[in-house]
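A structural walkthrough
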Amino acid sequence: MVDLHTHLLPGIDDGSENMEISREMGRAYLKHGVDRVAVTPHIRQDMFPNTEERIREVFAETVQDFRTEGIDLDLRLGAEYYYDESFLSKMDDPKRLLTFDDRGRYLLVEFNPMVRPPGLRDVVFQLRMAGVRPVMAHPERYSFILENLDWAEDLAAAGMLFQGTLGPLAGFWGKGSRKNLKRLLNAGLIHLISSDLHHPKMAGKFFGEGVRRLREWVGEARTEELLVHAPGRILQGEPL
């Protein structure tokens, strides 16, 4: 499997607190059949004011540590940007943003769950003109998506991709999130699914119960597309 949403880097956001926990997360991934992972620490001005430079530094340290510890997990670089003024200020040069594996083609973005993001359609267009395709993190949590699927379909037609998460499938975040995710899957508005893993203790349920339920919902072929093929193409910068 390929995971394009994880908070594995140590001491940089609300995910792993230190390198030992990061190692546990790395080993948990391998145990559950995940061999490629894009780290996506938060970049959020009011909560996690990380910089691209700082993330690169911690990423390099983690890659070296995993190599020393014999954790044979293919780590790739990324970030989870919050849709705020700091993010929008970078729209004059989108190529400086941390895209998946630095290939410059796919970018993970999260939003305020209660407020329809102003100007999003225009930002999607601006990113697409720069050759970058935005990926919306956990759309099942956003009321502005569920209240207007026509608008969500318009965003998808404009180039937005929707990344569901395994948490609701494994019983996290409440029944509402699970119901929302199923609704989006049925509407064809989920293009890939990732974990949003914050701690190794969650991995067993995510990649066990969560993946089993996904197979029950959509079948083996679509499960493979959502967990392996689509995220794999994104990681390689290939068309989706």
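Because the structure is predicted, anything quoted here is derived from the model rather than measured.

Rules of the game
Residues numbered from 1 in each chain as written. Predicted model: local features only at pLDDT ≥ 70, side-chain atom pairs only at ≥ 80, totals over all residues. Heavy atoms only, no water. Salt bridge = Lys/Arg side-chain N within 4 Å of Asp/Glu carboxyl O. Helix = DSSP H or I, 4+ residues; strand = E, 2+ residues; numbered from the N terminus. Buried < 20%, exposed > 50% of the residue type's maximum accessible area, 1.4 Å probe, protein only.

**Quick word on the pattern of salt bridges**
- Inspection of every chain in the model, using the stated rule, returns 17 salt bridges.
- Arg27 serves as the salt-bridge partner of Glu69, at 3.7 Å between the closest nitrogen and oxygen. Of this pair, Glu69 sits in helix α2 (residues 52-69) while Arg27 sits in helix α1 (residues 19-31), and the two are 42 residues apart along the sequence.
- We classify Arg27 as partly exposed; its relative accessible area is 38%.
- Among the salt bridges present, the one from Asp92 reaches Arg96, with a minimum N-O distance of 3.6 Å.
- On the accessibility criterion, Asp92 (63% relative accessible area) is exposed.
- For Arg96, a relative accessible area of 42% corresponds to the partly exposed category.
- Where salt bridges share partners, they join Asp74, Arg76, Asp101 and Arg103 into one cluster.

**Structural notes on unusual backbone geometry**
- The phi dihedral of Asp102 falls on the positive side, at around 60 degrees, and the residue is not glycine.
- Inspection of the secondary structure assignment puts Asp102 in the loop between α3 (85-88) and β6 (106-110).
- The partly exposed category is assigned to Asp102, whose relative accessible area is 41%.
- Here Asp196, not a glycine, exhibits a phi torsion of approximately 55 degrees, which is positive.
- Considering the arrangement of structural elements, one finds Asp196 in the loop between β9 (192-194) and α9 (203-235).
- A residue is classified by how much of its surface remains accessible, and Asp196, at 5% relative accessible area, is buried.

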